[in-house]
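# Observations on chain architecture
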Amino acid sequence: MNPASMFKIKGAWQKFVANHPKFPAFMQAASQGMISEGTIIDISITAPDGRKITTNVKLTETDMELFKSFM
């Protein structure tokens, strides 16, 4: 990834955090011992018109390797 792209992503992340300040705190709390092999992560999206979709994933050992690289 080139430096210009990294700065663009950093700026977008900073704006996201400014708009949604509770999200980083939530992710930090979740990473403090709650994410391990076997953890189930539920994701729900609700559109402005009320339509909703939900899914979940149960983390595997391989998934944990990816999560550890982000932490």
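Residue positions within a chain follow its written sequence, with the count starting from 1. It should be noted that, the model being predicted, local features are given only for residues of pLDDT at least 70 and side-chain atom pairs only at 80 or more, the latter also being counted only at that level, while totals for whole chains, interfaces and linings use all residues. Excluding hydrogens and water, the side-chain values take into account all heavy atoms of the structure.

Moving on to the overall build of the protein chain. Helix and strand definitions follow DSSP, with helices as H or I runs of at least four residues and strands as E runs of at least two, each counted in order from the N terminus. Check the secondary structure of the protein chain and you find three helices and two strands. Its helices and strands in sequence order give the protein chain the pattern α-α-β-β-α, from N to C terminus. Here the C-alpha coordinates of the protein chain stretch approximately 35 × 35 × 20 Å along the principal axes. Any two residues having at least one pair of non-hydrogen atoms within 4.5 Å are treated as being in contact. Restricting to contacts in the protein chain with at least 6 residues of sequence separation, those with at least 24 account for 21%. In these tables, accessible area is a Shrake-Rupley quantity obtained with a 1.4 Å probe, and a residue counts as shielded only by the protein chains included in the view. Counting every atom, the protein chain has about 6,400 Å² of accessible surface; 62% of that belongs to carbon and sulfur. For the protein chain, the separation between the mean place of its 8 positive charges and that of its 6 negative charges on side chains is 15 Å. We count Lys and Arg on the positive side and Asp and Glu on the negative side, and we leave His and both chain ends out. Just so you know, the charge point we use is NZ for Lys, CZ for Arg, CG for Asp and CD for Glu.

By convention, a stacked pair of Phe, Tyr or Trp rings (six-membered ring in the case of Trp) has centres within 6.5 Å and planes under 30 degrees apart, an edge-to-face pair has planes over 60 apart, and any other such pair is tilted. Inspection of every chain in the model, using the stated rule, returns two aromatic pairs. With 5.6 Å between their ring centres and 20° between their planes, Trp 13 and Phe 16 make a pair best called stacked. In this pair, Trp 13 and Phe 16 both sit in helix H1 (residues 3-19), three residues apart, roughly one turn of the helix. In this structure Phe 16 comes out as partly exposed when scored by relative accessible area, which is 33%. Measuring from ring centre to ring centre gives 5.6 Å for Phe 16 and Phe 23, while their planes differ by 90°; the resulting arrangement is edge-to-face. Each residue is placed in one exposure class: buried if its accessible area under a 1.4 Å probe, protein chains only, is under 20% of its type's maximum, exposed if it is over 50%, and partly exposed if it falls in between.

Salt bridge, as used here, is a side-chain nitrogen of Lys or Arg placed within 4 Å of a carboxyl oxygen of Asp or Glu. Tallied over the entire structure, the rule returns one salt bridge. Ionic pairing is found between Arg 51 and Asp 49, a salt bridge with its closest N-O pair at 2.9 Å. Residue Arg 51 shares its accessibility class with Asp 49, and that shared class is exposed.

This part covers the environment of Met 64. In this structure, Met 64 sits in helix H3 (residues 61-70). Classification of Met 64 by relative accessible area gives buried; the value is 8%. Not counting residues within four places of it along the chain, the set of residues in contact with Met 64 comprises Ile 35, Ser 36, Glu 37 and Leu 59.

Turning next to the pairing of strand S2 (residues 52-58). Among the seven residues that make up S2, zero are buried, leaving the element largely open to the surroundings. Pairing geometry for strand S1 (residues 40-46) and S2, over seven bridges, is antiparallel. Note that in S2 the partner of Ile 41 across the bridge is Val 57. The hairpin formed by S1 and S2 contains five residues between the paired strands, and Gly 50 there has a positive phi angle of roughly 95°. When DSSP finds at least two bridges between two strands, those strands are taken to pair.

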